Amino acid sequence: MGLVYLLLLLSLNCVHGGGIPTTLEGPFKPVTAPLDKSFSGNVTDLPDVPSNVEGFQPQQIFVSLSNNYDSVWISWITGEFQIGYDIQPLDPEWVQSIVQFRVLRSQVTYQAKGYSLVYSQIYPYDDLQKYTSGIIHHVLLTGLEPNTLYEYECGDPSISAMSDSHYFRTMPVSNASSYPSRIAVVGDLGLTYNTTTTVSHLLSNHPALLLLIGDLSYADLYFTNGTKWNISSSSFLQNPFRETYQPRWDYWGRFMQPLVSNVPAMVIEGEHEIEQQADNYAFVAYSYRFAFPYKEGGSSSSLYYSFNSGGIHFVMLGAFVNYDKSSDQYNWLERDLAEVDRKVTPWLVAAWHRPWYSTYVAHYREAECMRVEMEELLYHSGVDIVFNGHYINEVIITYRFMLMRGRTRVYNYSLDPCGPVYITVGDGGNVEGLDIEHADEPGNCPDPASTADKYLGGFCAFNFTSGPASGKFCWDQQPDYSAYRESSFGHGILEIVDVKQQTNRHYCGLQVKNETHALWTWHRNQEYYENAGDIIYIVREPNRCPVSPK
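Predicted model only: the values in this text are computed from it and were never measured.

*Asks:* Could you clarify how one ought to interpret the side chain of E153 in this entry?
*Replies:* For E153, the location among the structural elements is in strand β11 (residues 149-156). Contacts of E153, omitting those with residues within four sequence positions, involve I98, V99, Q100, R102, M162, S163, D164 and S165.

What follows is the structure, given as structure tokens:
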């Protein structure tokens, strides 16, 4: 099925513009796609999404991967949340956590049992409503076959509270010629009318895996009574204990279920998941609602972890937890990257929320301290692709203008053939709207003092010391390293196809992908879901860029 979609996509692009560019060709100049003023989408919130089940029937069902193909997490919620001033949490012991599963059309059914919990959102002020969740269940299915379609039901069979049947496909075995058919990537999804278009297009593109790059429900943009903050007000920006309306998480989970109950989805936190509450707790909803393979990968926190998907090793990093060279996260990352076997997982992909490279005014260079601490490690470990959210679509891969100089990638703001490809996709449907102003446009360069890390502290963004912007804080034109930028809502698709199945097959004059070629396509909401607004082959050069991890 994935190959059929690939052929269709490639044929469409052959018809509409000839061959597909690669990161090995050029010359091309940086591109800023014109703002489509006729379509800004609809950033209006969706109305509350009611529950469609009763009692302890499962809802908000979610599939996520463990760190390898042979195990998968199934998560769901039973019972209803409570919000008010005097509330009592549900008892997780009231209902079991059971998943019954089988290979599709098999007569043999297996059963797995997991654990359950609840969480509360409590503030240090008596006049704010408190929240307690329904019962959250997590069950790990093990002993699964690779690249196999499974059918499952979840719930508690002892009280006849089981879900309808859902389906998921396991990941392929990790090796150099085995990959998931297509990987969807989206950030800043939210729960707006734009979100509905993005998710509809995602479903139509049939991904095998979904990466959610932070800022999921935006529950922290609301008071505890459900009314929305004025996000431009000074009280909103300065309030350390920002109220949240936690039912937005439940509405988001219900809305997302048709997609994420059948397609494994992996999440990483954004700033809207911080949700600080009493006793200095943070990231509570994020950490409780989703299952993460962090323990399997040797991490001590759900805020950073890794996993394999066929011949790809994914590293999910936390941009809002300590990242300096003495931190637990950095030490874990060093160990994880040192253990990657590129003969087994040739592709190395990293993801976190705040981009290191972006040219938009909003949040300009605010993640500079993280870049200073971690970029060298990722570079010497040979990371191929980095996905970020937080901003609207921008591709920092310099596969265009800088190819005039025989380079394809970026490292430390310099054109470097062995640096990662950076792709920003913070445009799933968030309520904050589109970013449209660029720091390189006249009068738009931010005050350097505004770029300090307001979450973890520290200031690392100084004037450039070399290149066309030497002595300046911003470029005067779209930088070399900004290959393509566009203000629009949508999602991206990454595809890597088994080279053994594609030998000597060519489309538009280019060889179809293998363990050195990946196809990236960007799908705007205002167009038909199959259409690609931007398309590029990302090419690995392992012989040119040998890996030298510390």
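What follows continues from the structure just given.
*Asks:* Help me out: how do you make sense of the environment of T521 in this one?
*Replies:* Mapped onto the elements of the fold, T521 is located in strand β29 (residues 517-524). Taking the relative accessible area as the measure of exposure, T521 reaches 0% and is therefore buried. For the pair T521 and A184, spaced 337 residues apart in the sequence, the C-alpha separation amounts to 9.7 Å. Within the local environment of T521, its side chain forms a polar contact with the side chain of H523, the two groups lying 2.9 Å apart.

*Asks:* How should the nonpolar core be read in this particular structure?
*Replies:* Counting 123 residues, the largest nonpolar core has I74, L210, L211, W352, F387 and W520 as its most contacted members. No other element matches helix α4 (residues 247-260), which puts seven residues into this core. Apart from residues lying up to four places away in sequence, W520 is in contact with V185, F387, I423, V425, G492, I493, L494, D534, I535, I536 and I538. Formed by five residues, the second largest nonpolar core is a distinct cluster that contains I20, L519, A532 and Y537.

*Asks:* Help me understand the side chain of Q478 in this model?
*Replies:* Here Q478 lies in the loop between β24 (421-424) and β25 (484-485). Side-chain polar atoms of Q478 contact the backbone oxygen of V31, separated by 3.1 Å. Among the polar contacts listed, one links the side chain of Q478 to the side chain of T32, at a separation of 2.6 Å.

*Asks:* Help me understand the pattern of salt bridges in this model?
*Replies:* Close approach of charged atoms allows side chains with opposite charge to pair. According to the stated counting rule, one finds 19 salt bridges in the structure shown. Its salt-bridge partner being E153, residue R102 comes within 2.8 Å of it at the nearest N-O pair. Taken as a pair, R102 in strand β5 (residues 98-103) and E153 in strand β11 lie far apart in primary sequence, 51 residues in all. Judged on exposure class, the residue R102 and its partner E153 are both buried. By sharing partners, the salt bridges in this structure join R365, E368, R371 and E375 into a single network.

*Asks:* Mind showing me how you'd approach the sheet that holds strand β9 (residues 130-132) here?
*Replies:* Paired through their backbone hydrogen bonds, the strands of a sheet run either parallel or antiparallel. Taken together, three strands build an open sheet; the order of strands is β4-β9-β8 and the sheet is antiparallel. The open sheet has two free edges, formed respectively by β4 (82-84) and β8 (120-121), since each of these has just one partner strand. Alignment of β4 against β9, held across three bridges, turns out to be antiparallel. Looking across to β9, one finds that I83 is bridged to Y131.

*Asks:* Help me understand unusual backbone geometry, please; the structure alone is not making it clear to me.
*Replies:* Among all residues save glycine, negative phi is the norm, and among peptide bonds the norm is trans. We note that N280 has phi near 65°; this positive angle belongs to a residue other than glycine. Relative to the assigned elements, N280 resides in the loop between β16 (265-268) and α5 (284-289). The phi torsion at H363 lies on the positive side, around 65°, for a residue other than glycine. In this fold, H363 is placed in the loop between β19 (347-351) and α7 (368-380). Residue H363 is classed as partly exposed on the basis of its relative accessible area of 28%.

*Asks:* How should helix α2 (residues 193-204) be read in this particular structure?
*Replies:* Three or four residues apart is the spacing at which side chains of an α-helix point the same way, because the helix has 3.6 residues per turn. Taking 1.5 Å per residue as the helical rise, α2 with its twelve residues ought to reach 16 Å, and the 17 Å between its terminal C-alpha atoms agrees with that figure. Burial in α2 covers these residues: N194, T195, T198, V199, H201 and L202. With its buried residues spanning 160° around the axis, α2 presents them on a single face. Those residues of α2 that are buried are in contact with β14 (183-186), β15 (209-213), α4, β26 (490-495) and β29. Between the side-chain oxygen of the N-cap and the backbone nitrogen of N194 there are 3.2 Å, and the N-cap of α2 in question is T192. H206 sits one or two residues past α2 and shows a positive phi near 50°.

Reading guide: rules and limits
Residues numbered from 1 in each chain as written. Predicted model: local features only at pLDDT ≥ 70, side-chain atom pairs only at ≥ 80, totals over all residues. Heavy atoms only, no water. Helix = DSSP H or I, 4+ residues; strand = E, 2+ residues; numbered from the N terminus. Contact = heavy atoms within 4.5 Å. Buried < 20%, exposed > 50% of the residue type's maximum accessible area, 1.4 Å probe, protein only. Polar contact = N/O pair within 3.5 Å; in protein donor to acceptor, adjacent residues only side chain to side chain. Core = buried A, V, L, I, M, F, W, Y, C linked by side-chain atoms within 4.5 Å. Salt bridge = Lys/Arg side-chain N within 4 Å of Asp/Glu carboxyl O. Pairing = 2+ DSSP bridges. Expected span 1.5 Å × (residues − 1). Arc of directions from axis to C-beta.

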